[in-house]
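# Reading the structure
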Amino acid sequence: MNTPNTPVHIHLWHRDFWLLVLSALLLTMAVYVLIPVLPQWFMQEENFTPEETGLSIAAFALGLYVFGAHCSWLVQHYRRNVVFMWAVFGVALDAGLLWYINSLRCEFVELWIILLQRFFLGAAYGLAQMVLMSTLIIDTSESAQRTEANHFAAWFSRFALATGPLAGLLLYQYEGFDGMVGLSAGCAVVALLLIKTVNFPFRTPDDKLRVTSLDRFFLVQGGVLFVHLLFIALVVGLLLSIPHDMLFYGLMAVGFLLAMLAQQFVFPEAELKSEVISGLIMLFATAIILLFYPSSPVAPVLMGLGTGLVGSRFLLFFIKLSRHCQRGTSQSTFFLAWETGLTLGIALGYGLFYEDSLALYYTAMMLTVLSLLAYHLFTHQWFLQNKNR
């Protein structure tokens with residue numbers, strides 16, 4: 001099957017599923033509202049160098065992996081929704097710590113404190129997302145609807161890449177840094193409350209529980225896709241490390257909407273590789289336009305369109321690579337590849353390319369071209385030979 005399309009089941013969109021995808025949106029927004037403001041705050045208010053700022057951003061990516069090997073044990077040893085709620089509570093607490101640090105205006109915070117804050121934010125966020133995407137979303141969907149459920153839940157989280165920074169900039173403009181941090185914590189708290197109203201039936205844990213395992217954490221046979229998606233997300237992170245205004249993120253959301261429409265009306269009968277190749281070409285065009293015409297309204301639309309096409313197709317690739325009972329593991333692997341690449345891209349944008357946008361754009365274009373060639377010449381054929389669904 002070379003032209004797969006995601007079917008739409010009306011019965012999937014019941015009350016509990018709506019609550020789950022809204023929680024996914026709000027949880028992701030809780031982290032993404034920090035993207036446009038936090039690095040600038042590090043340098044302007046806390047007197048960090050660009051290198052220290054990049055290191056602080058990167059600490060988040062390291063934290064994502066802390067609980068991964070214990071995720072399966074946690075959701076079976078404890079109630080899975082309770083694990084999620086405690087993790088989201090940790091996200092809200094970490095945001096609150098930023099508010100406390102900002103209130104200490106008489107002194108600069110030490111770098112190690114910020115590194116720990118970012119590390120634990122990544123740990124809490126990573127656990128929450130892995131439980132939500134690999135367990136809660138799947139457990140509340142019928143077997144025939146799970147691919148669709150994964151697809152749309154990921155889209156809600158993907159939209160947060162536009163709505164999160166947009167809301168963060170808006171609050172920062174009118175309420176300052178404390179208002180922006182309050183929005184981050186508030187999104188996490190509302191996500192927690194929404195999940196609390198969902199009824200999850202009891203599930204008997206496996207007979208042989210292992211404290212550490214790759215279940216619900218990392219899909220080993222998806223390693224090639226993981227590396228490839230990481231580098232694509234790295235390009236997106238690099239482009240987002242350049243300061244943008246609210247209009248940019250609003251137009252990026254328009255690009256996401258166009259990507260959803262394109263999937264339904266443009267690509268259903270197209271060759272399987274066409275979505276990824278088209279998306280990468282759009283990301284390449286985004287970098288070129290931003291280089292020569294930074295205020296262009298076309299660039300953010302292309303960026304949202306390209307990111308949406310590539311991200312949604314890679315998600316389905318991960319699902320098709322997974323074996324029986326590995327669907328949740330494929331979701332976590334996709335999440336880790338995306339978030340790691342995005343975070344490292346932003347970190348490198350500040351740590352290596354701060355005030356050198358020319359080198360940043362050339363690097364982004366080079367990585368995009370390499371990703372496109374690698375996908376066309378190797379990754380796509382490798383996927384066709386190794387998929388299990």
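Here, every reference points to the structure presented above.
Residues numbered from 1 in each chain as written. Predicted model: local features only at pLDDT ≥ 70, side-chain atom pairs only at ≥ 80, totals over all residues. Heavy atoms only, no water.

Looking only at helices and strands, the protein chain features 13 helices and zero strands. When the helices and strands of the protein chain are placed in sequence order, the string is α-α-α-α-α-α-α-α-α-α-α-α-α. Scaling as 2.2 N^0.38, a compact globule of 389 residues should have a C-alpha radius of gyration of about 21 Å, and the protein chain matches this with 20 Å. Overall, the protein chain is about 55 × 45 × 35 Å in size when its C-alpha atoms are taken along their principal axes. Burial analysis of the protein chain (389 residues in total) assigns 60% to the buried set. Long-range pairs, those at least 24 residues apart, make up 88% of the contacts in the protein chain with a sequence separation of at least 6. (Helix = DSSP H or I, 4+ residues; strand = E, 2+ residues; numbered from the N terminus. Rg over C-alpha atoms; globule rule 2.2 N^0.38 Å. Buried < 20%, exposed > 50% of the residue type's maximum accessible area, 1.4 Å probe, protein only. Contact = heavy atoms within 4.5 Å.)

Next up on the list: helix α10 (residues 274-292). For α10, which comprises 19 residues, the first-to-last C-alpha distance of 27 Å matches the rise-based estimate of 27 Å (1.5 Å per residue) to within 8%. For α10, the set of buried residues is S274, E275, V276, I277, G279, L280, M282, L283, T286, A287, L290 and L291. The elements touched by buried residues of α10 are α8 (223-240), α9 (246-265), α11 (298-321) and α13 (357-386). (Expected span 1.5 Å × (residues − 1).)

With that settled, consider the environment of A233. When you line up the elements, A233 lands in helix α8. Linking A233 and T343, residues 110 residues apart in sequence, is a C-alpha distance of 8.4 Å. Apart from residues lying up to four places away in sequence, A233 is in contact with A337, W338, G341 and L342.

Tallying each qualifying case throughout the model produces four salt bridges. For R80, the salt bridge goes to D139, with nearest N and O atoms at 2.9 Å. Taken together, the residues span a long stretch of sequence, with R80 in helix α5 (residues 80-103) and D139 in helix α6 (residues 111-139) at a distance of 59 residues. For D139, a relative accessible area of 23% corresponds to the partly exposed category. (Salt bridge = Lys/Arg side-chain N within 4 Å of Asp/Glu carboxyl O.)

Attention now moves to the nonpolar core. Core analysis: the largest hydrophobic core is formed by 135 residues, its most contacted members being Y32, F84, Y125, L161, L240, M252 and F314. Counting residues per element, this core draws most heavily on helix α7 (residues 146-196), at 21 residues. (Core = buried A, V, L, I, M, F, W, Y, C linked by side-chain atoms within 4.5 Å.)

A separate point is the packing of helix α3 (residues 50-63) against α6. Orientation of α3 relative to α6, taken along the N-to-C sense of each, is 30 degrees, at an axis distance of 6 Å. If you check the angle between α3 and α6, you find them roughly parallel. When the axes of α3 and α6 are compared, the crossing they make is right-handed. Of α6, the residues touching α3 (which contributes E52, L55, S56, I57, A59, F60, L62 and G63) are L111, I114, L115, R118, F119, L121, G122, A123 and Y125. For the contact of α3 with α6, a count of residues per class yields 12 nonpolar, three polar and two charged. (Axes fitted to C-alpha atoms, helices over the stretch in contact; angles between N-to-C directions. Parallel < 35°, antiparallel > 145°, perpendicular 65-115°, else oblique. Left-handed = near helix turned anticlockwise from the far one by under 90°. Nonpolar A, V, L, I, M, F, W, Y, C, P; charged D, E, K, R; others polar.)

Next up on the list: the environment of W73. Inspection of the secondary structure assignment puts W73 in helix α4 (residues 71-77). Put simply, W73 and T340 are 267 residues apart on the chain and 23 Å apart in space, counted from C-alpha to C-alpha. Beyond its immediate chain neighbours, meaning those up to four positions away, W73 contacts Y78, L209, R210 and V211.

The subject of this paragraph is the packing of aromatic side chains. Tallying each qualifying case throughout the model produces 23 aromatic pairs. A centroid spacing of 5.0 Å and a plane angle of 85 degrees characterise the contact between W13 and F17, whose relative ring orientation is edge-to-face. Exposure remark for W13: the relative accessible area of 23% places this residue in the partly exposed category. Ring geometry for W18 against F156: centres 6.2 Å apart, planes inclined by 85 degrees, an arrangement best described as edge-to-face. Within this pair, whereas W18 is found in helix α1 (residues 15-32), its partner F156 is found in helix α7, the two being separated by 138 residues in sequence. Residue class for W18 comes out partly exposed when judged on its relative accessible area of 39%. (Phe/Tyr/Trp six-rings, centres within 6.5 Å; stacked < 30°, edge-to-face > 60°.)

Side chains of V254, L258, L261, F265 and V266 sit close together on the surface and give an oily, nonpolar patch of about 500 Å² of accessible area. When its relative accessible area of 38% is taken as the criterion, L258 is described as partly exposed. (Patch = residues over 30% accessible without salt bridge, like charges linked within 9 Å, V, L, I, M, F, W, Y side chains within 5 Å. Areas by Shrake-Rupley, 256 points an atom, 1.4 Å probe, with all protein chains shown as cover.)

One can find T329 in helix α12 (residues 327-351). Looking at T329, its side chain comes within polar contact range of the main-chain nitrogen of R216, at 2.9 Å. Leave out the neighbours within four places in its chain, and T329 touches L214, D215, R216, F217, F218 and L219. (Polar contact = N/O pair within 3.5 Å; in protein donor to acceptor, adjacent residues only side chain to side chain.)

For the pair α5 and α7, interaxial distance at closest approach is 9 Å and the crossing angle is 170 degrees. Comparing the axis directions of α5 and α7 gives the class roughly antiparallel. You can see that α5 and α7 cross each other, and the crossing is left-handed. Judged by residue contacts, N81, F84, M85, V88, F89, V91, A92, A95, L98, W99 and N102 of α5 engage F177, D178, V181, S184, A185, A188, V189, A191, L192, I195 and K196 from α7. Across the contact of α5 with α7, the residue classes break down as 17 nonpolar, three polar and two charged.

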